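Spelled out, the chains give:
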Amino acid sequence: MMPNEFAYIGFVGCYTRPGQADPFEDSHGGIPHDRSRVGAGVIAIGVSHNGELSFIGPGPIIKADDCPNPSYLTVLERDDQRPGGLKNGGLCVVSEVGEGKWQAFSLKRDNLSISANAVGDPIPTGGSYPCHVSSVRLPREKLEFILISNYGDEQGVFNLYTNGGSSYIEQSSVDFGPGSRADLARQQSSHAHSSCAIPTLDSSSSILDICAADLGSDSIIQFSVTKCSKSGALHCVERGRLATPAGSGPRSLMFNPTASFSNIAIVSLEMVAQVALIRRRLHDGCLEMIGSPVSLLPENWPLEEGGDETIMQFNKGCWASDAVWSPDGKFVYAAARLHDSISVFQLQYKIDCYRQARSTDDASPSAAVIRGLKLVDRVPTHGRTPRCLTISECGKFILVAHQHSHDVSSFVRDETSGGLTLVNQLDVNLAACVKLVRPDKIG
């Protein structure tokens, strides 16, 4: 198939060096896998209209020599207002190495292939081992922000950049400080694992609000970005922190994509293999937990339910990764490494008629009363170490990047039940991340 005939185009990041991003590498020799295989760079794949995966082109569109350890990326969709060489869309890719860097690449799509070309020089990320990048565009402000999370050796660092014409300019760099020390092996210091932009409140003076997951300090950190009306200077300041359970290690977070639940987020707690719902209070913007975290694992895992005693040495079999919402905001999909499964949860809620009657907006978050998450299924991912999940814009497909079985899996999603059915898999060495975009939005 030609690139424009696919339902979606995917971009797969990977590790181009062995023994990467495995907390058990030093203590237990790492998760068993074929260590002779390493990634070649960023790979382009196609997703057909029935969910089948295939490669686009014979090799990587971004080679390991140009961007080592391209473990995470975000897609920039076509935008005529974007200055520079990225108007037709592109990629922002982190290089997860000691001296962290990230690079923007333009994308060109023709009838036969997709190509990527570097835009400007690699940019220092302000920390070490950057493991997450996201972007948000504010058309009203004519600004595009790039958010970088540096996992870090000594401490996590969050960096913020804006597009300043033909290049990106660092606007802020925030050190996260010490860790919680609940787990002395992994939480001596902070570790910025991911971040996301969230809608600003009507009463806020900020132009952008951000939440970041700090695995090392067991906290979700809130930031606000303000713009000086006279000079136009941008300032990023910390607004508050929500503590997660000690030793839980928050890894990823995503706010619900619907207007009705836009103040509700799902948080993946890596070190206890759980997920938690959090709420952003509408009256003051502060975060709070909703109920108790929910396990991604069967009872008595790993000694029962298909596990074995050898898995006990890896944090007793607890190692969560990604958690994402379905586009309709009704289901959560959360991956558990070691158990190598996706737990499917349905959001439980009711609409408060009194609150809804007082609201001027039928879709107002204030009308929804969240009751929690209901487990509806737990599905094998058909690979080892599911590191990243991504769901298509239409909600029909979910892709899984498996780090240690060296592949990407595609599932078709039942939009009514939330259930998943495996379609096929592609071999991608040390796959770490996969992102999707419609062909008409790039190139």
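This text gives an overview of the structure that appears in the document.

Cut-offs and rules
Residues numbered from 1 in each chain as written. Predicted model: local features only at pLDDT ≥ 70, side-chain atom pairs only at ≥ 80, totals over all residues. Heavy atoms only, no water. Helix = DSSP H or I, 4+ residues; strand = E, 2+ residues; numbered from the N terminus. Rg over C-alpha atoms; globule rule 2.2 N^0.38 Å. Buried < 20%, exposed > 50% of the residue type's maximum accessible area, 1.4 Å probe, protein only. Contact = heavy atoms within 4.5 Å. Areas by Shrake-Rupley, 256 points an atom, 1.4 Å probe, with all protein chains shown as cover. Lys, Arg positive; Asp, Glu negative; His and termini not counted. Charge placed at Lys NZ, Arg CZ, Asp CG, Glu CD. Pairing = 2+ DSSP bridges. Axes fitted to C-alpha atoms, helices over the stretch in contact; angles between N-to-C directions. Phe/Tyr/Trp six-rings, centres within 6.5 Å; stacked < 30°, edge-to-face > 60°. Salt bridge = Lys/Arg side-chain N within 4 Å of Asp/Glu carboxyl O. Core = buried A, V, L, I, M, F, W, Y, C linked by side-chain atoms within 4.5 Å. Polar contact = N/O pair within 3.5 Å; in protein donor to acceptor, adjacent residues only side chain to side chain.

**Remarks on the overall build of the protein**
Of the regular secondary structure elements, the protein holds two helices and 29 strands. Here the protein has a C-alpha radius of gyration of 21 Å; the compact-globule value for 443 residues is 22 Å, and the two agree. Expressed as lengths along the three principal axes of its C-alpha atoms, the size of the protein is roughly 60 × 55 × 45 Å. In the protein, buried positions account for 56% of the 443 residues. Restricting the contact set of the protein to residue pairs at least 6 apart, pairs at least 24 apart contribute 55%. Carbon and sulfur atoms make up 46% of the accessible area of the protein, which amounts to about 18000 Å² in all. A distance of 6 Å separates the average location of the 39 positive side-chain charges in the protein from that of its 48 negative side-chain charges.

**Structural notes on the sheet that holds strand 23 (residues 341-351)**
Here we have four strands laid out as an open sheet, ordered 21-22-23-24, and antiparallel in their pairing. The sheet terminates laterally at strand 21 (320-325) and strand 24 (368-380), the two strands that pair on one side only. Adjacent strand axes in the sheet meet at a mean angle of 20° when their direction is disregarded. Judged from the six bridges that link them, strand 22 (residues 331-336) and strand 23 form a sheet pairing that is antiparallel. Pairing of valine 332 across the sheet is with phenylalanine 345, part of strand 23.

**Some points on the packing of aromatic side chains**
By the definition in use, this model includes eight aromatic pairs. With centroids separated by 5.2 Å and ring planes inclined at 55°, the aromatic side chains of phenylalanine 24 and phenylalanine 314 adopt a geometry described as tilted. Taken together, the residues phenylalanine 24 in the loop between strand 1 (8-14) and helix 1 (25-28) and phenylalanine 314 in the loop between strand 20 (287-295) and strand 21 connect sequence positions 290 residues apart. Comparing phenylalanine 24 with phenylalanine 314 shows no difference in burial state: the two are buried. Seen from their ring centres, phenylalanine 24 and tryptophan 319 are 5.2 Å apart, and the 80° between their planes marks the pair as edge-to-face. Note that phenylalanine 24 is positioned in the loop between strand 1 and helix 1 and tryptophan 319 in the loop between strand 20 and strand 21, a separation of 295 residues in sequence. Of the residues examined, tryptophan 319 reaches a relative accessible area of 1% and is grouped as buried. Taken together through their ring pairs, the aromatic side chains of Phe24, Phe314 and Trp319 make up a single cluster.

**Observations regarding the sheet that holds strand 5 (residues 72-76)**
Strand-to-strand pairing in sheets goes through backbone hydrogen bonds, with the strands running parallel or antiparallel. Across the sheet, four strands lie side by side as 5-6-7-8; this open sheet has antiparallel pairing. Each edge of the open sheet carries a strand with a single partner, namely strand 5 and strand 8 (114-124). Adjacent strand axes in the sheet meet at a mean angle of 25° when their direction is disregarded. Alignment of strand 7 (residues 101-109) against strand 8, held across eight bridges, turns out to be antiparallel. Paired with lysine 108 across the two strands is serine 115, which belongs to strand 8.

**Some remarks on the environment of proline 58**
By secondary structure assignment, the location of proline 58 is in the loop between strand 3 (53-55) and strand 4 (62-63). For the pair proline 58 and alanine 259, spaced 201 residues apart in sequence, the C-alpha separation works out to 42 Å.

**Digging into the pattern of salt bridges**
Under the defined criterion, the tally for this structure stands at 18 salt bridges. Here aspartate 322 and arginine 251 are joined by a salt bridge, their closest N and O atoms 3.9 Å apart. Placement of the pair is aspartate 322 in strand 21 and arginine 251 in strand 17 (residues 250-255), with a sequence separation of 71 residues. A salt bridge links arginine 279 to glutamate 288, with the shortest nitrogen-to-oxygen separation between them at 2.8 Å.

**A closer look at the nonpolar core**
It is characteristic of soluble globular proteins that their nonpolar side chains tend to be buried jointly. Residues Phe11, Leu91 and Trp102 are the most contacted members of the largest nonpolar core, which totals 50 residues. If near-sequence neighbours (up to four positions away) are discounted, tryptophan 102 is found in contact with Cys92, Val93, Val94, Pro122, Ile123, Pro124, Thr125, Ile146, Ile148, Tyr161 and Tyr168. Listed in part, the 28 residues of the second largest apolar core include Ile311, Phe314, Cys318 and Leu373.

**A closer look at the pairing of strand 16 (residues 234-243)**
Sheet analysis places strand 15 (residues 219-227) next to strand 16, joined by nine bridges and oriented antiparallel. Bridge pairing in strand 16 places isoleucine 221 opposite arginine 241. Between the antiparallel neighbours strand 15 and strand 16 lie six residues, among them glycine 232 with a positive phi of about 80°.

**Some remarks on the side chain of glutamine 103**
By the secondary structure assignment, glutamine 103 is in strand 7. Of note is the side chain of glutamine 103, whose polar atom sits 3.1 Å from the backbone oxygen of glycine 120. Setting aside residues up to four positions removed in sequence, glutamine 103 forms contacts with Leu91, Cys92, Val93, Ala118, Val119, Gly120, Asp121 and Pro122.

**What to know about the environment of serine 248**
Among the secondary structure elements, serine 248 is positioned in the loop between strand 16 and strand 17. Along the chain, serine 248 and phenylalanine 55 lie 193 residues apart, while their C-alpha atoms are 37 Å from each other. Serine 248 has contacts with Asp218, Leu269, Glu270, Met271 and Val272, leaving out every residue within four places of it along the chain.

**Regarding the side chain of serine 128**
Within the secondary structure, serine 128 is located in the loop between strand 8 and strand 9 (130-138). Engagement of the side chain of serine 128 in a polar contact is seen with the backbone nitrogen of aspartate 153, the distance being 3.0 Å.

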